[in-house]
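# Residue-level structural notes
Each chain, written out:
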Amino acid sequence: MFEDLAPGADADSAGADWAAQTVARLVDLDAAYLGLLRRQDELRQQQNQTSAAMKSVGSLPKDQQAAERARLIEQGKQLRTDERSLVDQTEAALRARDEAWARVPNLTHAETPRGRTDDDHRELRRVGTPRDFAAEGFTPRDHLAVAESLDLVDFEAGARVAGQKFYYLKHEAVLLDLALQHFALGVAARHGFALHTTPDLAREEILRGLGFQPRGESSQIYSVADSDLCLVGTAEITLGGMLADAILEEEQLPLLLAGLSHCFRTEAGSAGQESKGLYRVHQFTKVELFAFTTPEQSETMHARLLAIEEEIFQALKIPYRVLDIASGDLGGPAFRKFDLEAWMPGRGAHGEITSTSNCTDYQARRLRIRYRPGGDGKPKPRHVHMLNGTAVATSRALVAILENYQQQDGTVAVPEVLQPLVGKPVIGPRRRA
RNA sequence: GGAGGAGUGGCCGAGCGGUCUAAGGCAGCGGACUUGAAAUCCGCCGUGUCCGCAAGGGCACCGAGGGUUCGAAUCCCUCCUCCUCCGCCA
């Protein structure tokens, strides 16, 4: 059903055509539903009139009352039968319309680069200068080698207890992980975000509202057997879901939330160099920024979220670049997405460390989150815009720190802003017990 | 985990088969009175959706979903949430 609503491989050339067909299909489905809805409402009006008529039967002459009652009951029965079959049709039509709608991704920002490959992202800028390891006289190792030599991470035990791509952080890595969380939460609070810790599980319905696909074949989401709960892949889900069905006042916007949660991802089908060590794991901890705004505010807010992400990694003194993500890589909900990619000397390439998306009203429509515009008269509620951004994902940040702060003697310097919580300026060398 | 109780408009709260077009109160908005304010009085005061240029009208919503009935906020079933007590536990 509706295969024609999914773009094919040559979507860029066929894009306009596909869009026109999709719109036509949606219009047809909508008209079909509304036609049935109108008939259903008329039928219900008759039902209401019939039961109202029953009330006045008592004012008829006694000898006519029984006959009139019987007539109305018979009529009511008939109407009920008709109404039920019409309701089934109406519900089916509504489902067809909504399913078609759910498959339509968000619109795309005019400036978003078009394309489907990593080469199609637009690099907006580079900030910070990568260290010249050759000049320092040594070859940088990847974070896993650094971490293992300092006994900071144990993947073997993680595999034994929970499976591959699970891990234990050890020693100063634990403190680094916590220091990153604390630092990011501090920055978020200073920018006016209300701090939250969130549930690490959420109902499927909420996941769907945020545009995630909880139980698909290649789902990134762990689900809990015999329940409708899933492990969250990001606090975006729990923060966004907090206000489902709410109608906010315009003065409350923009509403800024920060959430600390564990994040769980199945990482189905990913492997290779990119997934080595802490870069791609099943569980990590993340501080997430979330914003509810008016439609007019969302673009400015998106820039603000990006600026906060940059502030954090500038404070950590990690070189990075900013990408304007290409249309084919946006996913369903995002209207525009910026990624920060840190320079990772161990692999000699950039790697994603944060991502911020403007989802405009895509999630708000599914979660029914609206606001009442101020002003005179009785303005109808409008959908809010919803945006999210990573303040810090600790596992990825650890990769960047270990690789950028490694020293020739095998130790790792601690970023200055984290030193108060880690309690020392340098990690290692360690004497193995 | 066990046993009870409860979910009604922004909030409190009545209603427990047809008079619900959901009482009453609080908050809010407009007005009268007042130099101004308070107090008092009068009026307004949910959401969604459909038809309509509009005025206006229809339909739905009393935690969610099913059911019984000519007719359900009201009766029955399932689920969700909250409260109380017991047990267990960080």
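Nothing here was measured: the structure is a model prediction, and the numbers come from that model.

Time to look at the protein's contact with RNA strand B. As a structural note, the neighbourhood of RNA strand B is formed by 20 residues, with Asp41, Arg80, Arg370, Arg372 and Pro381 the closest of them. A share of 79% of the atoms of RNA strand B within 4 Å of the protein falls on sugar and phosphate groups. Measuring from a phosphate oxygen of RNA strand B, one finds a side-chain N or O atom of Arg80 at 2.7 Å. Mapped onto the surface near RNA strand B, the elements with two or more residues apiece are α1 (11–55), α2 (62–102) and β13 (370–372). Counting residues per element, the surface near RNA strand B draws most heavily on α1, which supplies ten residues. Here the residues of the surface near RNA strand B are counted per class, giving five nonpolar, four polar and eleven charged.

Here we come to the pairing of strand β9 (residues 283–293). When a strand is regular, its side chains alternate between the sheet's two faces. With ten of its eleven residues buried, β9 lies for the most part within the structure. The pairing of strand β8 (residues 255–264) with β9 spans ten bridges and is antiparallel. Across the sheet, the residue bridging to Leu255 is Phe292, located in β9. Two strands pair when backbone bridges link them, and β9 and strand β15 (residues 385–393) are joined in this way by eight bridges, in the antiparallel orientation. Within β15, the position partnered with Val287 by the bridge is Val392.

The subject of this paragraph is the sheet that holds strand β14 (residues 382–383). Spatially, three strands are ordered β7-β13-β14 in an open sheet, and the strand pairing comes out mixed. Lying at the two open borders of the sheet, with one neighbouring strand each, are β7 (247–249) and β14. In terms of strand pairing, β7 meets β13 through three bridges, oriented parallel. Bridge pairing links Glu249 to Arg372 in β13.

In this section: helix α6 (residues 172–190). Relative to the 27 Å expected for 19 residues at 1.5 Å per residue, α6 spans 26 Å between its end C-alpha atoms, a close match to the ideal helical length. Those residues of α6 lying buried are Glu172, Ala173, Leu176, Asp177, Ala179, Leu180, Gln181, Phe183, Ala184, Leu185, Val187 and Ala188. At the exit of α6 stands Gly192, carrying a positive phi of roughly 95°.

Let's shift gears to empty space enclosed by the protein. For the structure on display, the rule yields two cavities of 30 Å³ or more. What the second largest cavity holds in volume is close to 40 Å³. The wall of the second largest cavity is formed by Ala147, Leu152, Val153, Leu169, Ala173, Leu176, Leu278, Leu398 and Leu402. For the lining of the second largest cavity, the secondary-structure elements that each account for two or more residues are α6 and α11 (394–404). Looking at the lining of the second largest cavity, its residues break down into nine nonpolar, no polar and no charged.

Here the distance between the centres and the angle between the planes together describe a pair of aromatic rings. By the definition in use, this model includes three aromatic pairs. Taken together, a centroid distance of 5.1 Å and an interplanar angle of 50° make the contact between Phe290 and Phe292 tilted. Grouping residues by exposure puts Phe290 and Phe292 together as buried. When the ring centre of Tyr279 is taken as origin, the NZ or CZ atom of Arg396, which lies over that ring, is 3.7 Å away.

Turning our attention to the packing of α6 against α11. Two numbers describe how α6 lies on α11: the axes approach to 10 Å, and their chain directions differ by 115°. Between α6 and α11, the interaxial angle falls into the category roughly perpendicular. In the packing of α6 onto α11, the handedness of the crossing is right-handed. Of the residues in α11, those touching α6 at Leu176, Asp177, Leu180 and Gln181 are Thr394, Ala397, Leu398 and Ile401. Of the residues contributing to the contact of α6 with α11, the split by class is five nonpolar, two polar and one charged.

Moving on, we come to the pattern of salt bridges. Applying the stated criterion across every chain, the model contains 23 salt bridges. Taking the shortest distance from any N to any O, the salt bridge between Asp30 and Arg97 comes out at 2.6 Å. Taken as a pair, Asp30 in helix α1 and Arg97 in helix α2 lie far apart in primary sequence, 67 residues in all. What makes Arg97 buried here is its relative accessible area of 19%. A salt bridge links Glu136 to Arg131, with the shortest nitrogen-to-oxygen separation between them at 2.9 Å.

A few words now on the environment of Arg38. Mapped onto the secondary structure, Arg38 falls in helix α1. Remark: the alpha-carbon pair of Arg38 and Thr90, spanning 52 residues in sequence, is separated by 9.6 Å.

Attention now goes to the confidence of the model for chain A. Within chain A, residue pLDDT values average 89, and 93% of them lie at 70 or more. Taken element by element, the predicted model of chain A shows its lowest mean pLDDT in β7 (81) and its highest in helix α9 (residues 298–315) (98). Predicted confidence for residues 1–11 stays below pLDDT 50, and this span has 16 contacts to residues more than four positions away or in other chains. The ipTM for the predicted assembly is 0.83, set against a pTM of 0.88.

What the second largest pocket holds in volume is close to 260 Å³. What lines the second largest pocket is a set of 16 residues, and nearest its centre among them are Tyr167, Tyr168, Leu169, Gln283 and Thr285. Those elements giving two or more residues to the lining of the second largest pocket turn out to be α5 (155–161), β3 (168–169), α6 and β9. Ranked by residues supplied to the lining of the second largest pocket, first place goes to α6 with four residues. Among the residues making up the lining of the second largest pocket, the classes are represented as nine nonpolar, six polar and one charged.

Procedures and definitions
- Residues numbered from 1 in each chain as written.
- Chains lettered and ligands numbered in written order.
- Predicted model: local features only at pLDDT ≥ 70, side-chain atom pairs only at ≥ 80, totals over all residues.
- Heavy atoms only, no water.
- Near = heavy atom within 4 Å.
- Polar contact = N/O pair within 3.5 Å; in protein donor to acceptor, adjacent residues only side chain to side chain.
- Helix = DSSP H or I, 4+ residues; strand = E, 2+ residues; numbered from the N terminus.
- Nonpolar A, V, L, I, M, F, W, Y, C, P; charged D, E, K, R; others polar.
- Buried < 20%, exposed > 50% of the residue type's maximum accessible area, 1.4 Å probe, protein only.
- Pairing = 2+ DSSP bridges.
- Expected span 1.5 Å × (residues − 1).
- 1 Å grid on protein atoms, 1.4 Å probe; cavity = no way out; pocket = protein on both sides within 12 Å on 5 of 7 lines; lining within 4 Å.
- Points joined across faces, edges and corners; volume = space filled by probe spheres on them.
- Phe/Tyr/Trp six-rings, centres within 6.5 Å; stacked < 30°, edge-to-face > 60°.
- Lys NZ or Arg CZ within 6 Å of the ring centre and 35° of its normal.
- Axes fitted to C-alpha atoms, helices over the stretch in contact; angles between N-to-C directions.
- Parallel < 35°, antiparallel > 145°, perpendicular 65-115°, else oblique.
- Left-handed = near helix turned anticlockwise from the far one by under 90°.
- Contact = heavy atoms within 4.5 Å.
- Salt bridge = Lys/Arg side-chain N within 4 Å of Asp/Glu carboxyl O.
- pLDDT = per-residue confidence, 0-100.

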